[in-house]
Amino acid sequence: MSTEQEEPKFKKIVNAADGLSLGISMVVAIVIGVGLGILMKNLFGYEWLFWLGVFWGIAAAILNVYKAYAKQKKSLDELADDPRYRHQKYDDSDEDDKY
């Protein structure tokens, strides 16, 4: 038996679907916010409640992007600590800048 844990069979597919769902979740968040805004505007009669709902939807979409960014950054930081990749250093010197 190997010392490494075996990954689940469909882990790559689930990770890919998770990445694709970011765009869908952004649209759904905005649509739900607009829907809430329309509902509140019709219930209470204030026009600014519609814009509050739009703001909530956009804020939720931005939060979804931030959560996806944090998750991706965490996985890349784990790769940075991996000994297999430590020998590869980033070289920011540009050979074209010598002249």
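Above this note sits the structure.
Thresholds applied
Residues numbered from 1 in each chain as written. Predicted model: local features only at pLDDT ≥ 70, side-chain atom pairs only at ≥ 80, totals over all residues. Heavy atoms only, no water. Salt bridge = Lys/Arg side-chain N within 4 Å of Asp/Glu carboxyl O. Helix = DSSP H or I, 4+ residues; strand = E, 2+ residues; numbered from the N terminus. Buried < 20%, exposed > 50% of the residue type's maximum accessible area, 1.4 Å probe, protein only. Phe/Tyr/Trp six-rings, centres within 6.5 Å; stacked < 30°, edge-to-face > 60°. Expected span 1.5 Å × (residues − 1). Bend = angle between axes of the 7 residues up to and from the residue. Contact = heavy atoms within 4.5 Å.

Quick word on the pattern of salt bridges
- Throughout the structure, instances matching the rule amount to two salt bridges.
- Of the charged contacts, one joins Lys73 and Asp77 as a salt bridge, the two residues approaching to 3.2 Å between their closest N and O atoms. Note that Lys73 and Asp77 are positioned in helix α2 (residues 48-80) at a spacing of four residues, about one turn of the helix.
- Assessed through its relative accessible area of 37%, Lys73 is described here as partly exposed.

Observations concerning the packing of aromatic side chains
- For the coordinates displayed, the defined rule picks out two aromatic pairs.
- On the basis of an interplanar angle of 35 degrees and a centroid distance of 6.2 Å, the ring pair of Tyr46 and Trp48 is categorised as tilted.
- You can call Tyr46 partly exposed: its relative accessible area is 49%.
- The exposure class of Trp48 is exposed, given its relative accessible area of 54%.

Quick look at the environment of Ala68
- As for its position among the elements, Ala68 is in helix α2.
- For the pair Ala68 and Gly19, spaced 49 residues apart in sequence, the C-alpha to C-alpha distance is 8.0 Å.

Digging into helix α1 (residues 11-44)
- Counted at 1.5 Å a residue, the expected span for α1 with its 34 residues is 50 Å, and the 47 Å between its end C-alpha atoms agrees.
- The sharpest bend along α1 comes to roughly 35 degrees, located at Leu22.
- All of the buried residues in α1 are Ala29, Gly33, Gly37 and Met40.
- Buried residues along α1 sit against α2.

Interpretation in functional terms is not warranted from these geometric data alone.
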